[in-house]
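# Commentary on secondary and tertiary structure
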Amino acid sequence: MYQAKAYSAASATAPLTATTIPRREPTARDVQIEILFCGICHSDLHAVRDEWNSVMPTVYPIVPGHEIVGRVTQVGKDVTGFKPGNMVGVGCLVDSDHGCPSCQANVEQFCPDATFTYNSPDQHGTAPVTYGGYSESIVVDENFVLRVPANLNLAGVAPLLCAGITTYSPMRRWGNLQGKKVGVVCLGGLGHMGVKFARAFGAKVAVFTTSPNKREDALRLGAHEVIVSTDAEQMQAHAGSFDFILDTVAAEHDVNVYLGMLGVDGNLTLVGAPEKPYAVSAFALIFGRKSLSGSMIGGLQETQEMLDFCGAHNITSDVEIIPIQKVNEAYERLTKSDVKYRFSIDMASLKG
Ligand code: NAP
Ligand code: ZN
């Protein structure tokens, strides 16, 4: 075991502060990574503040962070895919049971024994729970380490590991989006990646936003249209016209409104995860044979596919790079939708 510098929160109301955490020495199958950048996902904030208490209560102290990029510093003797110096990524998963039907179907995120990057029981017993990427290093089974395309900006790659795959996967699963009318609800960390992917998949893309001042950015990011969701007239003009809508909102809102935007056989997929349940009108679904789905990140194979797609299409996240010392301020700004469009922590700041 060795000690690594990190930032952790001691309770749901405590700020994140500097600390040291134990990391295991790499086993035969492990890759040790010096973390260079870590994105700030809204899920980090939900978890730090224990907003998902009813589903997955937070164990404190928590070290969040599951949008990790870094450089391999050491590998175990049985590791075949990586060597020191490689640029790699780690997302929301660091282990699974490898044998269940979900693992066999390459959807390890649904493995009943999936180990998430933070706040999951630590199978290695290094600590009570896993500790995430707000840290100078991490040690991960090589099967959960991803290759980062060499042509991409690393600070902007970090958010691909969660925001990227979470928006890429449901769009891919829905089918060929070429020429389809696709909506992305809200322009946050996930939303702005959803816009980039939908555009790259050839869709006609519209963004629903509560922030009229994001209009120019939405168009620049690839949207063909911007609909201010609080403007009843604009909403009415698009009612019943969408094939697919991805809802990335982090707060309570009326999903029936977006079901009403779908055409016959349209699908609304939820990826945003507010703490309170939604009320869904049966009529909003049965008139038009519409469907409502959910999606959670993506499996390892698909995450690698997404990274390679980003390499080929030169897609990264639009990031504001911050030192770790500004993480609490960043969380406050995230609650006010004040980020364009993802914070990426420069982990060199942790060395200071
Ligand atoms: P984010 O960057 O904070 O973006 C959330 C956006 O929601 C804001 O930019 C804002 O967009 C909109 N919004 C905020 N408050 C709102 C309100 N009261 N009503 C309507 N819209 C509101 O968050 P994120 O990192 O993209 O994460 C979004 C959600 O996805 C979170 O709940 C997160 O936990 C979840 N998530 C799920 C998965 C998964 O696998 N399913 C993975 C990662 C994250 P506008 O200003 O444009 O309206
Ligand atoms: Zn995330």
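Structure: see above.
Quick caveat, the model's predicted, so the values are computed rather than measured. (Residues numbered from 1 in each chain as written. Chains lettered and ligands numbered in written order. Predicted model: local features only at pLDDT ≥ 70, side-chain atom pairs only at ≥ 80, totals over all residues. Heavy atoms only, no water.)

## Concerning a nonpolar patch on the surface
The following threshold applies: Exposure above 30% relative accessible area and the absence of a salt bridge qualify a residue for a patch, where like charges join within 9 Å and nonpolar side chains (Val, Leu, Ile, Met, Phe, Trp, Tyr) within 5 Å. For accessible areas, the Shrake-Rupley method is used with a probe of radius 1.4 Å. Any residue's cover is judged against the shown protein chains and nothing else. We define a salt bridge as a side-chain nitrogen of Lys or Arg found within 4 Å of a carboxyl oxygen belonging to Asp or Glu. In DSSP terms, a helix is any run of H or I states spanning at least four residues, a strand is any run of E spanning at least two, and both are numbered starting from the N terminus. Here's how the labels work: a residue is buried when its accessible area is under 20% of the maximum for its type, exposed when over 50%, partly exposed in between, all with a 1.4 Å probe on protein chains only.
There is a patch of nonpolar side chains on the surface, built from Phe283, Ile286 and Phe287 and spanning about 400 Å² of accessible area. Within the fold, Ile286 resides in helix α9 (residues 282–286). Its relative accessible area of 58% is what places Ile286 among the exposed residues.

## Focus: the site of ligand 1
So the rule is basically this: Residues are labelled near a given molecule or strand when at least one of their non-hydrogen atoms is within 4 Å of it. Any N or O atom pair separated by 3.5 Å or less is treated as a polar contact, with the protein-specific requirement of one donor-capable and one acceptor-capable atom, and with residues adjacent in sequence counted only for side-chain atom pairs. Think of it as three bins: nonpolar holds Ala, Val, Leu, Ile, Met, Phe, Trp, Tyr, Cys and Pro, charged holds Asp, Glu, Lys and Arg, and polar takes everything else, Gly as well.
Surrounding ligand 1, one finds 29 residues, the nearest of these being His42, Thr209, Thr210, Ser211 and Arg342. Within the side chain of Ser211, a nitrogen or oxygen atom sits 2.5 Å from an oxygen atom of ligand 1. For ligand 1, an oxygen atom lies 2.6 Å from a polar atom in the side chain of Lys214. Across the complex, the protein chains shield 87% of the 930 Å² of accessible surface that ligand 1 would expose by itself. Listed by contribution, the elements that provide at least two residues to the shell around ligand 1 are α1 (42–48) and α5 (189–200). Looking at the shell around ligand 1, the element that brings in the most residues is α1, giving 3 residues. Residues that form the shell around ligand 1 fall into these classes: 14 nonpolar, 13 polar and 2 charged.

## Considering the nonpolar core
Threshold: The set of buried Ala, Val, Leu, Ile, Met, Phe, Trp, Tyr and Cys residues whose side-chain atoms join them within 4.5 Å is what this entry labels a nonpolar core. Any two residues having at least one pair of non-hydrogen atoms within 4.5 Å are treated as being in contact.
Formed by 97 residues in total, the largest nonpolar core has its most connected members in Ile40, Tyr134, Met171 and Phe197. No other element matches strand β3 (residues 30–40), which puts 7 residues into this core. Ile40 has contacts with Glu67, Tyr134, Ile322, Val327, Ala330, Tyr331, Leu334, Arg342, Phe343 and Ile345, leaving out every residue within four places of it along the chain. Counting 17 residues, the second-largest nonpolar core is a separate cluster that includes Val185, Val255, Met261 and Leu270.

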